[in-house]
Amino acid sequence: MILVTGAAGKTGRAVIRALSRRGQAVRAFVHRPEQAALVTAAGAQQVVIGDMHNQAAVNEAAREIWAAYHICPNMSPSELEIGKAIVKAAQEAGIEHCVYHSVLHPQVEAMPHHWQKMRVEEQLFESGLRYTSLQPAVYMQNILGHWGRIVAEGVYAVPYAVGTRLSFVDLEDVAEAAAIVLTEPGHAGATYELVGAEVLDQAEVAAILEQGLGRPVQAQAVDRDLWEQEMRAAGLGDYQIQTLLQMFCYYERYGFWGNSRVLEWLLGRPATTLAAFVARSARDNERAQ
Ligand SMILES: NC(=O)c1ccc[n+]([C@@H]2O[C@H](COP(=O)([O-])OP(=O)(O)OC[C@H]3O[C@@H](n4cnc5c(N)ncnc54)[C@H](OP(=O)(O)O)[C@@H]3O)[C@@H](O)[C@H]2O)c1
């Protein structure tokens, strides 16, 4: 049995689907009872409900499993504390392999959520556990949050300059890599950057959307003060807003990109391109209507 934490989120469900395709039994750790149906539909065989801040709940989730895939809730101010609780539970349960869902370039102190992930990796180094750390780039799936406006208005709005260059990765490729690392031998002690093959500025992203959707799409930089007002009105917390703003400024100043060779070696095939992702998303969208 493999434990997946943060299981009901988009990453967790993708990892559960990828493990299920490989015939693996998954125990999903979810936050709220109503999330049980989501992870069961993704293929989880067991569901535990609890709070990752609660050591007893984490210990209970880790009982009688041989591997754990830890996904911290997105933008959590307590990522390090949660990471420590997972490491402690894994040590006490004698888990054979602990895989951590980190991020590309956790060494960047200017992005607090990256820096916290680096500190969690440090906990793993010192834990005595057999661990693997996966470091994905920006998910292509983040674009789906803007899909309605892209399709309806032809506007791809980003809270940084249009010239900002980013590496994207398809979450489905990340999930497949996670399943490979969990089910094939030889990955203990490894840290893998998971990055798609293209480094694109946001005008290039808009051009790929335009091509895939068959309608004009323009990239547009959103004013960050306006973005902040909208996020506050939508109920996003202070830590999350400040952390995201720091991330946007970092992206704009330095770009955020990496190299796809490790992901392609793990998958044994080329990484998914943004054009292929857009074509798949357009098909999924049509089917859903
Ligand atoms: N998005 C990207 O481009 C990207 C790239 C690289 C790495 N990552 C990393 O990927 C990770 C997962 O991101 P995601 O977008 O898949 O996350 P997500 O959708 O926010 O999912 C997190 C899940 O954890 C649950 N959760 C929240 N607080 C919890 C708690 N205290 N105890 C137990 N469960 C709790 C959430 O449930 P509720 O709905 O109840 O809160 C949700 O189901 C993050 O660590 C992020 O930094 C993301």
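Every value quoted in this text rests on a predicted model; they were computed, and no experiment measured them. Every chain's residues receive numbers from 1 upward, in the order its sequence appears when written. Per-residue local features are limited, in this predicted model, to residues with pLDDT of at least 70; the limit for side-chain atom pairs, both in listing and counting, is 80 or more; totals at the level of whole chains, interfaces and linings are taken over all residues. Note that the side-chain values use all heavy atoms of the structure and ignore hydrogens as well as water.

*Asks:* Give a description of the overall build of the protein chain that names residues and reports values.
*Replies:* Strands are runs of DSSP state E lasting at least 2 residues, helices are runs of H or I lasting at least 4, and numbering of each runs from the N terminus. When helices and strands are tallied, the protein chain shows twelve helices and twelve strands. As defined in this context, the radius of gyration uses C-alpha atoms, and a globule is described by 2.2 Å times the residue total to the power 0.38. Taken against the 2.2 N^0.38 rule, which gives 19 Å for 289 residues, the C-alpha radius of gyration of the protein chain at 19 Å falls within 12% of a compact globule. Along the first, second and third principal axes, the C-alpha atoms of the protein chain reach 55 × 35 × 35 Å. When a residue's accessible area, from a 1.4 Å probe over protein chains only, is under 20% of the maximum for its type it is buried; when over 50% it is exposed; and in between it is partly exposed. Each of the 289 residues in the protein chain was classed as buried or not, and the buried ones make up 50%. Here a residue-residue contact requires only that any non-hydrogen atoms of the pair lie within 4.5 Å. Put simply, of all contacts in the protein chain between residues at least 6 apart along the chain, 75% involve residues at least 24 apart. Within the structure as shown, the protein chain displays about 13100 Å² of accessible surface, and the carbon and sulfur contribution to it stands at 50%. Two residue types count as positive, namely Lys and Arg, and two as negative, namely Asp and Glu; His and chain ends fall outside the count. Note on charges: their place is set at NZ of Lys, CZ of Arg, CG of Asp or CD of Glu. On the protein chain, the mean spot of the 24 positive side-chain charges and the mean spot of the 32 negative ones are 4 Å from each other. Methods summary: accessible areas were calculated by the Shrake-Rupley approach with a probe of 1.4 Å, and residue burial reflects only the protein chains presented.

*Asks:* Account for helix H4 (residues 79–93), naming residues and giving values.
*Replies:* Along an α-helix, residues three or four apart share an orientation, since each turn contains 3.6 residues. What a helix should span is 1.5 Å times the count of its residues minus one. Relative to the 21 Å expected for 15 residues at 1.5 Å per residue, H4 spans 21 Å between its end C-alpha atoms, a close match to the ideal helical length. Every buried residue of H4 is listed here: Glu 79, Leu 80, Ile 82, Gly 83, Ala 85, Ile 86, Val 87, Ala 89 and Ala 90. The elements touched by buried residues of H4 are helix H3 (55–61), strand E4 (67–70), strand E5 (97–101) and helix H5 (112–125).

*Asks:* Kindly report on the layout of surface pockets, identifying the contributing residues and their values.
*Replies:* Using protein atoms alone on a 1 Å grid, points that fit a 1.4 Å probe yet trap it form a cavity, whereas open point sets bounded by protein on both sides within 12 Å along at least five of seven lines form a pocket; residues with an atom within 4 Å of a point count as lining. Grid points are joined across faces, edges and corners, and a volume is the space filled by probe spheres set on the points. Taken as a whole, the second largest pocket encloses approximately 240 Å³ of empty space. Along the walls of the second largest pocket sit Lys 10, Arg 13, Arg 17, Gln 141, Leu 144, Leu 171, Glu 172, Phe 277, Arg 280, Ser 281, Asp 284 and Asn 285, which together make up its complete lining. Those elements giving two or more residues to the lining of the second largest pocket turn out to be helix H1 (10–21), helix H7 (171–183) and helix H12 (274–288). Looking at which element gives the most residues to the lining of the second largest pocket, the answer is H12, with five residues. Across the lining of the second largest pocket, the residue classes break down as three nonpolar, three polar and six charged. By the convention adopted, Pro, Cys, Tyr, Trp, Phe, Met, Ile, Leu, Val and Ala count as nonpolar, Lys, Arg, Asp and Glu as charged, and the other residues, Gly among them, as polar.

*Asks:* Help me get a handle on the packing of aromatic side chains, residues and values and all.
*Replies:* Here a Phe, Tyr or Trp ring, Trp counted by its six-membered ring, pairs with any other such ring whose centre lies within 6.5 Å, and the pair is stacked when the planes are under 30 degrees apart, edge-to-face when over 60, and tilted otherwise. Applying the stated criterion to the full structure yields seven aromatic pairs. Ring geometry for Tyr 192 against Trp 265: centres 5.7 Å apart, planes inclined by 65°, an arrangement best described as edge-to-face. Remark: Trp 265 occurs in helix H11 (residues 261–267) and Tyr 192 occurs in strand E10 (residues 191–194); sequence separation between them is 73 residues. With relative accessibility at 9%, the residue Tyr 192 sits in the buried group. Judged by its relative accessible area of 57%, Trp 265 falls in the exposed class. A centroid spacing of 4.8 Å and a plane angle of 50° characterise the contact between Tyr 250 and Tyr 254, whose relative ring orientation is tilted. On the criterion of helical spacing, the pair formed by Tyr 250 and Tyr 254 is a turn pair, its members being four residues apart in helix H10 (residues 238–254).

*Asks:* Tell me what's going on with the nonpolar core, and back it up with residues and numbers.
*Replies:* Formed by 74 residues in total, the largest nonpolar core has its most connected members in Val 4, Ile 16, Tyr 69, Tyr 156, Leu 209 and Leu 274. The biggest single contributor to this core is H7, with nine residues. When neighbours within four sequence positions are excluded, Val 4 is seen to be in contact with Gly 12, Val 15, Ile 16, Leu 19, Val 26, Arg 27, Ala 28, Phe 29, Tyr 69 and Ile 71. Take the buried residues of types Ala, Val, Leu, Ile, Met, Phe, Trp, Tyr and Cys, join any two whose side-chain atoms come within 4.5 Å, and each joined set is a nonpolar core.

*Asks:* Describe the site of the ligand, with residues and values.
*Replies:* Definition of nearness: a residue and a molecule or strand are near each other if at least one heavy atom of the residue lies within 4 Å of the molecule or strand. Taken together, 26 residues lie near the ligand, and Thr 11, His 31, Arg 32, Met 52 and Cys 72 sit nearest. Gln 35 places a polar side-chain atom, nitrogen or oxygen, 3.2 Å from an oxygen atom of the ligand. In the analysis that follows, any N or O atom pair within 3.5 Å is treated as a polar contact, provided that within protein one partner can donate a hydrogen and the other can accept it, and provided that, for residues neighboring in sequence, both atoms belong to side chains. Within the backbone of Met 52, an N or O atom sits 2.8 Å from a nitrogen atom of the ligand. For the ligand, whose unbound accessible area comes to 920 Å², protein coverage reaches 83%. Those elements giving two or more residues to the shell around the ligand turn out to be H1 and strand E7 (138–139). Grouping the constituent residues of the shell around the ligand by class yields eleven nonpolar, eleven polar and four charged.

*Asks:* Could you give an account of the sheet that holds strand E9 (residues 165–169), naming the residues involved and the relevant values?
*Replies:* Strands qualify as paired when DSSP identifies two bridges or more between them. The mixed open sheet is built from three strands, whose spatial order is E7-E9-E11. Two strands close off the open sheet at either side, each with one partner strand: E7 and strand E11 (199–201). Bridge analysis of E7 against E9 gives two bridges, and the strand direction is parallel. From the neighbouring strand, Tyr 139 faces E9, where its bridge partner is Val 169.

*Asks:* Requested: an account of the packing of H4 against H5, with residues and values cited.
*Replies:* To define axes, lines are fitted to C-alpha atoms, for helices over the stretch in contact only, and angles between the resulting N-to-C directions are given on a 0 to 180 degree scale. Packing of H4 against H5 brings their axes to within 9 Å, and their N-to-C directions diverge by 20°. Classed by the angle they form, the pair H4 and H5 counts as roughly parallel. H5 is crossed by H4, and the crossing has right-handed handedness. Mapping the contact onto sequence places Glu 79, Leu 80, Gly 83, Lys 84 and Val 87 in H4 and His 113, Gln 116, Lys 117, Arg 119, Val 120, Gln 123 and Leu 124 in H5. Considering only residue class, the contact of H4 with H5 consists of four nonpolar, four polar and four charged. Any angle that falls under 35 degrees is termed roughly parallel, while one over 145 is termed roughly antiparallel, one within 65 to 115 roughly perpendicular, and all others oblique. Crossings are classed by handedness, with left-handed meaning an anticlockwise turn of the near helix from the far one by less than a right angle and right-handed meaning a clockwise turn.

So far we have only geometry, and geometry alone does not tell us how the molecule works.
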